Amino acid sequence: MRDIGKNIRSLRVKRNMSQDHLAEALHVTRQTVSNYETGRSRPDVEMLTALATALDADVKEILYGPAETDRTAQLRRLAAGAVVSGVVLALVWWGGRLTGELFDRTYLAAPAWLWKLVPWPLAFLPLGWTVSQGTLALLNARSPGRPWAVWTRRGILAILAVWLLAMLPMIVLFIRGTLEVIAQRNTPGMGVSFSMEIPFNPFMLFTTRHSNLLPPLGFLAGVLLGLLGFPARRKLPEA
């Protein structure tokens, strides 16, 4: 605990914060922050909690320095991301093979079309997230804890959620149409006919017209989410 000032300065520099910026976040003067860092004075319990919030750190990091397990945690996240992204890509690739074979045998294009528009782009999200974790581990860096990073992360997640909801009517209609065509083909003496009207929205139009852009966009979204700290790590509340 003798190095509280050193720990505060180290965390501040790591977050690219000036003493003035930290003082403003704590509602104190720059001289107060300087006194903390030089050891002339020590923060009380309330100030320790405020410092932890402003520096996006645990109170224990301020008291005792960065945990030795931070590096291990980064590597674990990277390993978990690599496994998840590999499994997801393998499953989606296998699903693409199945839909392609189905089209070759039955000329049913809806499953292959849906695979290209939804699962395939989403499979690149964990891949991008894994790349971001590898980059952070390589640079021994951490995600920024600034408010803009949190709101940007939430915005990306909101866009993904809205996109999935907007695509839901098309997904339902394509699945229903495919099942009806299969049922008609299995009914003797019954011709095959199916028509549907899809209420296109801006998300559907963009998705269908720019399907080749979806995988890179999914990858980019995964990278940004990883760099911005998704999923957010919980802080230790106790001092």
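Up top is the structure.
Residues numbered from 1 in each chain as written. Predicted model: local features only at pLDDT ≥ 70, side-chain atom pairs only at ≥ 80, totals over all residues. Heavy atoms only, no water.

Enquirer: Would you take a moment to explain the overall build of the protein chain for this structure?
Expert: For the protein chain, the count of helices and strands is eleven helices and zero strands. Starting at the N terminus and walking to the C terminus, you meet the elements of the protein chain as α-α-α-α-α-α-α-α-α-α-α. Buried residues in the protein chain amount to 35% of all 239 residues. A sequence separation of at least 24 residues applies to 76% of the contacts in the protein chain between residues at least 6 apart. Looking at the protein chain as shown, the accessible area adds up to about 14500 Å², and 64% of this sits on carbon and sulfur atoms. (Helix = DSSP H or I, 4+ residues; strand = E, 2+ residues; numbered from the N terminus. Buried < 20%, exposed > 50% of the residue type's maximum accessible area, 1.4 Å probe, protein only. Contact = heavy atoms within 4.5 Å. Areas by Shrake-Rupley, 256 points an atom, 1.4 Å probe, with all protein chains shown as cover.)

Enquirer: Can you help me understand the side chain of Ser 143 in this one?
Expert: Within the secondary structure layout, Ser 143 lies in the loop between helix 8 (119–139) and helix 9 (147–185). Judged by relative accessible area, Ser 143 falls into the buried class, the value being 12%. At 3.3 Å, the side chain of Ser 143 forms a polar contact with the backbone oxygen of Leu 227. Among the polar contacts made by the side chain of Ser 143, one reaches the main-chain amide nitrogen of Gly 229 at a distance of 3.4 Å. Beyond its immediate sequence surroundings of up to four residues, Ser 143 is in contact with Asp 56, Leu 136, Gly 226, Leu 227, Leu 228 and Gly 229. (Polar contact = N/O pair within 3.5 Å; in protein donor to acceptor, adjacent residues only side chain to side chain.)

Enquirer: Any chance you could explain the nonpolar core here in plain terms?
Expert: Judged by nonpolar contacts, the single largest core of 18 residues is most densely connected at Ile 8, Leu 22, Leu 26, Leu 51, Leu 55 and Ile 62. Contributions of two or more residues to this core are made by helix 1 (4–14), helix 2 (19–26), helix 3 (30–38), helix 4 (45–54) and helix 5 (59–64). Examining the composition of this core, we find that four residues originate from one element, helix 4, more than from any other. Sequence-distant contacts of Ile 8, that is, excluding residues within four places in its chain, are made with Leu 22, Tyr 36, Glu 37, Pro 43, Leu 51, Leu 55 and Ile 62. Leu 114, Trp 163, Met 170 and Phe 174 belong to the second-largest nonpolar core, a separate cluster that totals ten residues. (Core = buried A, V, L, I, M, F, W, Y, C linked by side-chain atoms within 4.5 Å.)

Enquirer: What is the right way to look at the pattern of salt bridges in this model?
Expert: One side chain can pair with another of opposite charge once the charged atoms of both are near each other. A full pass over the atoms with the stated rule returns two salt bridges. A salt bridge links Arg 12 to Glu 37; the nearest nitrogen and oxygen atoms lie 2.5 Å apart. Of this pair, Arg 12 sits in helix 1 while Glu 37 is found in helix 3, placing the two residues 25 residues apart along the sequence. Owing to a relative accessible area of 12%, Glu 37 belongs among the buried residues under this scheme. (Salt bridge = Lys/Arg side-chain N within 4 Å of Asp/Glu carboxyl O.)

Enquirer: Looking at this structure, I do not really get helix 7 (residues 110–117). What am I missing?
Expert: Side chains of residues three or four places apart in an α-helix project in the same direction, reflecting 3.6 residues per turn. Buried within helix 7 we find Pro 111, Leu 114 and Leu 117. Axial view of helix 7: buried residues confined to an arc of 130°, hence all on one face. (Arc of directions from axis to C-beta.)

Enquirer: I tried to follow the packing of helix 2 against helix 4 on my own but got confused; where do I start?
Expert: Helix-helix packing is characterised by the crossing angle of the two axes and by the distance between the axes. Contact geometry of helix 2 with helix 4 gives a least axis separation of 10 Å together with a crossing angle of 120°. Classified by the angle their axes make, helix 2 and helix 4 are oblique. The crossing of helix 2 and helix 4 is right-handed. Counted together, Leu 22, Ala 25 and Leu 26 of helix 2 and Met 47, Ala 50, Leu 51 and Ala 54 of helix 4 form the full contact between these two elements. (Axes fitted to C-alpha atoms, helices over the stretch in contact; angles between N-to-C directions. Parallel < 35°, antiparallel > 145°, perpendicular 65-115°, else oblique. Left-handed = near helix turned anticlockwise from the far one by under 90°.)

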